[in-house]
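Letter by letter, the chains look like this.
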Amino acid sequence: MSLSVCAAVSVFGSMFAAVPAKADEPAGVDQGGAVLSQINATRAENGCGPVVANPQLTAAAARHANDVLETGTVGHTGSDGSSVAQRVTDAGYAPYAALGEIVFSGSGASGSPTAAVASWMNSPGHRAIITDCRFTEAGFSAVSSGDKMTAAGDFGRA
């Protein structure tokens, strides 16, 4: 069992880094919807309204989750050198007032959407992004291969 996590926030283009299973679905099935549901339940428990699923943010999250799954590199820089701002802009989410990104990789018992959200909530940097009530939109992707799952979530405010 292993897990890796990373969180970042970008406001008006500035980036601040902060530093949290067995897959619930078969390989090849994106579990981003399950992550979104759990994130919104967690936001409600913390006094925030839900984030609305945004297709551009979902596309950016899927790009990064698949990249992390393929390369094994957990962070906010893609294997192509892309940043969260570049990925969401490439996906058509621009202009924006704020962005936040959370990234997770787990295997074995730590490789599920539930484990990802629990780990994120146990990390101050991730918790800060998830419970930032100013974020109004988000996109999530959680993809698996074998017993490994990676998840990415991109939060935005236009």
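All figures in this text were calculated on a predicted structure; none of them were measured in a lab.

Here we look at the environment of Val143
Checked against the element boundaries, Val143 lands in strand β5 (residues 137-145). In the structure, Val143 is positioned 81 residues away from Ala62 in sequence and 8.2 Å away in space, judged by C-alpha atoms.

A few points about the packing of aromatic side chains
Two descriptors summarise a pair of aromatic rings, namely the distance from one centre to the other and the angle between the planes of the rings. According to the stated counting rule, one finds 4 aromatic pairs in the structure shown. Ring centres of Phe104 and Trp120 lie 6.2 Å apart, and the angle between their planes is 80°; on these two criteria the pair is classed as edge-to-face. Separated by 16 residues along the polypeptide, Phe104 in strand β4 (residues 98-107) and Trp120 in helix α4 (residues 113-121) bring together distant segments of the chain. Take Phe104 and Trp120: they sit in the same class, and that class is buried.

Observations regarding the pairing of strand β6 (residues 148-157)
Side chains on a regular strand alternate between the two faces of the sheet. Counting buried residues in β6 gives 8 out of 10 residues, a clear majority hidden from the surface. Two elements, β4 and β6, share 10 bridges in a ladder whose sense is antiparallel. The residue bridging Val103 from the neighbouring strand is Ala152, located in β6. Hairpin connection between β5 and β6: a loop of 2 residues separates the two successive antiparallel strands, and Gly146 in this loop has a positive phi of roughly 60°.

With respect to the packing of helix α1 (residues 32-45) against α4
When two helices pack together, you describe them by how their axes are tilted relative to each other and by the distance separating the axes. At their nearest, the axes of α1 and α4 sit 9 Å apart, and the two run at 35° to each other. The handedness of the crossing between α1 and α4 comes out as right-handed. Between α1 and α4, the residues in contact are Ala34, Val35, Gln38, Ile39 and Thr42 and Pro113, Thr114, Val117, Trp120 and Met121, respectively. A breakdown of the residues in the contact of α1 with α4 according to their chemical character gives 7 nonpolar, 3 polar and no charged.

A word on the state of the cysteines
Enumeration over the complete set of coordinates arrives at 1 disulfide. Here Cys48 connects covalently by a disulfide to Cys133, the sulfurs 1.9 Å from one another. Given an S-S torsion of about -80°, the disulfide between Cys48 and Cys133 has left-handed geometry. Of the two residues, Cys48 sits in the loop between α1 and β3 (52-53) while Cys133 sits in the loop between α5 (124-130) and β5, which places them 85 residues apart along the sequence.

What to know about the nonpolar core
One recurring pattern in soluble globular proteins is that nonpolar side chains are buried together. Of all hydrophobic cores here, the largest spans 20 residues; its most connected members are Ile39, Trp120, Phe140 and Phe155. Of all the secondary structure elements, the ones that give two or more residues to this core are α1, β4, α4, α5, β5 and β6. Ranked by residues supplied to this core, first place goes to α4 with 4 residues. Formed by 8 residues, the second largest nonpolar core is a distinct cluster that contains Ala60, Val84, Ala85 and Tyr93.

So, how was this worked out
- Residues numbered from 1 in each chain as written.
- Predicted model: local features only at pLDDT ≥ 70, side-chain atom pairs only at ≥ 80, totals over all residues.
- Heavy atoms only, no water.
- Helix = DSSP H or I, 4+ residues; strand = E, 2+ residues; numbered from the N terminus.
- Phe/Tyr/Trp six-rings, centres within 6.5 Å; stacked < 30°, edge-to-face > 60°.
- Buried < 20%, exposed > 50% of the residue type's maximum accessible area, 1.4 Å probe, protein only.
- Pairing = 2+ DSSP bridges.
- Axes fitted to C-alpha atoms, helices over the stretch in contact; angles between N-to-C directions.
- Left-handed = near helix turned anticlockwise from the far one by under 90°.
- Contact = heavy atoms within 4.5 Å.
- Nonpolar A, V, L, I, M, F, W, Y, C, P; charged D, E, K, R; others polar.
- Disulfide = S-S within 2.5 Å.
- Core = buried A, V, L, I, M, F, W, Y, C linked by side-chain atoms within 4.5 Å.

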